[in-house]
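So you can see what is in the structure, the chains are spelled out below.
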Amino acid sequence: MLLDWLFRLHGCCAIIFGIMAWGFPSFYHSFMTNAPSTLLVDDVVALYGALILGQGVITLSAATIGGENAASNHIKVALAWAYSLVFGLTSFTNASQHYREPRDWNDLNLM
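Just so we're clear, the structure is a prediction, and the values are computed from it rather than from any experiment.

Engineer: Whenever I open this one, helix 2 (residues 39-64) confuses me. Can you help?
Structural biologist: Residue pairs three or four apart in sequence face the same way in an α-helix, which turns once every 3.6 residues. In this model helix 2 runs 37 Å from its N-terminal to its C-terminal C-alpha over 26 residues, within 8% of the 38 Å that 1.5 Å per residue would give. Turning to helix 2, its buried residues are Val41, Asp42, Val45, Ala46, Gly49, Gly56, Thr59, Ala62 and Ala63.

Engineer: Any chance you could explain the environment of Val41 here in plain terms?
Structural biologist: Here Val41 lies in helix 2. Measuring from C-alpha to C-alpha, the distance between Val41 and Ser26 comes to 8.7 Å, with 15 residues separating the pair along the chain.

Engineer: When you look at the packing of helix 1 (residues 2-23) against helix 2 in this model, what are you seeing that I'm missing?
Structural biologist: Packed helix pairs are specified by the crossing angle of their axes together with the interaxial distance, meaning the distance between the axes. Orientation of helix 1 relative to helix 2, taken along the N-to-C sense of each, is 155°, at an axis distance of 7 Å. Of the possible angle classes, the one that applies to helix 1 and helix 2 is roughly antiparallel. Helix 2 is crossed by helix 1, and the crossing has left-handed handedness. Partitioning the contact of helix 1 with helix 2 into residue classes produces 16 nonpolar, seven polar and two charged.

Engineer: What is the right way to look at the confidence of the model for the chain in this model?
Structural biologist: It should be kept in mind that the predicted coordinates are not to be read in detail where pLDDT is low. Mean pLDDT over the chain: 77, with 75% of residues reaching 70 or higher. At the low end of the mean pLDDT range in the chain sits helix 3 (residues 73-98), at 78; at the high end sits helix 1, at 88.

Engineer: Looking at this structure, I do not really get the side chain of Thr59. What am I missing?
Structural biologist: Looking at the secondary structure, you find Thr59 in helix 2. Take Thr59: its relative accessible area is 1%, and that puts it in the buried class. In this structure Thr59 touches Phe7, His10, Gly11 and Tyr83, once residues within four positions along its chain are discounted.

Engineer: I tried to follow the state of the cysteines on my own but got confused; where do I start?
Structural biologist: By definition, a disulfide links the sulfur atoms of two cysteines through a covalent bond. With the rule as written, the count across this model stands at zero disulfides. The structure places no disulfide on Cys12, whose sulfur is separated from the nearest cysteine sulfur, that of Cys13, by 7.0 Å. Cys12 sits in the partly exposed class, given a relative accessible area of 38%.

Engineer: Which parts of the structure should I look at to understand a nonpolar patch on the surface?
Structural biologist: On the surface, Ile16, Phe17, Leu40, Val44, Tyr48, Leu51 and Ile52 cluster together into a nonpolar patch covering about 700 Å² of accessible area. Within the residue set of the nonpolar patch, elements represented by two or more residues are helix 1 and helix 2. Topologically, Leu40 is positioned in helix 2. We classify Leu40 as exposed; its relative accessible area is 61%.

What counts and what doesn't
Residue numbers restart at each chain and count upward from 1, following the sequence in its written direction. Thresholds applied to this predicted model are a pLDDT of at least 70 for local features of residues and 80 or more for the giving and counting of side-chain atom pairs; totals over whole chains, interfaces and linings are not thresholded and use all residues. With hydrogens and water stripped out, all remaining heavy atoms of the structure feed into the side-chain values. A run of DSSP states H or I qualifies as a helix once it reaches four residues; a run of E qualifies as a strand once it reaches two. Both are numbered from the N-terminal end. What a helix is expected to span follows from its residue count: subtract one and scale by 1.5 Å. Type-normalised accessible area, obtained with a 1.4 Å probe on protein chains alone, sets the label of each residue: buried when under 20%, exposed when over 50%, and partly exposed for intermediate values. Lines are fitted to the C-alpha atoms to define the axes, a helix being fitted only along its stretch in contact, and any angle between axes, read from their N-to-C directions, falls within 0 to 180 degrees. In this scheme, roughly parallel covers angles under 35 degrees and roughly antiparallel covers those over 145, while 65 to 115 is roughly perpendicular and the rest are oblique. Here a crossing is called left-handed whenever its near helix is offset anticlockwise from the far helix by less than a right angle, and right-handed whenever the offset is clockwise. Gly is placed with the polar residues, together with every amino acid not listed as nonpolar (Ala, Val, Leu, Ile, Met, Phe, Trp, Tyr, Cys and Pro) or charged (Asp, Glu, Lys and Arg). Per-residue confidence from the predictor is reported as pLDDT, a score between 0 and 100. We call two residues contacting when some pair of their heavy atoms lies within 4.5 Å. Whenever a pair of cysteine sulfur atoms sits within 2.5 Å, that pair is classed as a disulfide. Patch definition: residues above 30% relative accessible area lacking any salt bridge, with like charges linked at up to 9 Å and the nonpolar side chains Val, Leu, Ile, Met, Phe, Trp and Tyr linked at up to 5 Å. Using a 1.4 Å probe, accessible areas were evaluated by the Shrake-Rupley method; residue-level cover was limited to the displayed protein chains. Salt-bridge detection follows one rule: a side-chain nitrogen of Lys or Arg within 4 Å of a carboxyl oxygen of Asp or Glu.

Below you can see the structure in the form of structure tokens.
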């Protein structure tokens, strides 16, 4: 089923990038060229990495634990709507902040 495949893909990617952000927050400094490289930035990136890692585990669990009957399609659709809302609001916030003065956001943040 396509939804299970997407959940597995998203869960694996979220786990990988969550571990990278939590374990190596300085890697993400390349996306924040104008932000100072401080411990506060590292702490915020690490905290978001932990959240991303947790989301990856939830998503991967909904698709894989218990074989093909891990979670009902209603739960999977609800998770998909929740992720769509979260990523939509995040994208809107990044785009609107990008065009605010002073323009100190890196274009890679929008991608």
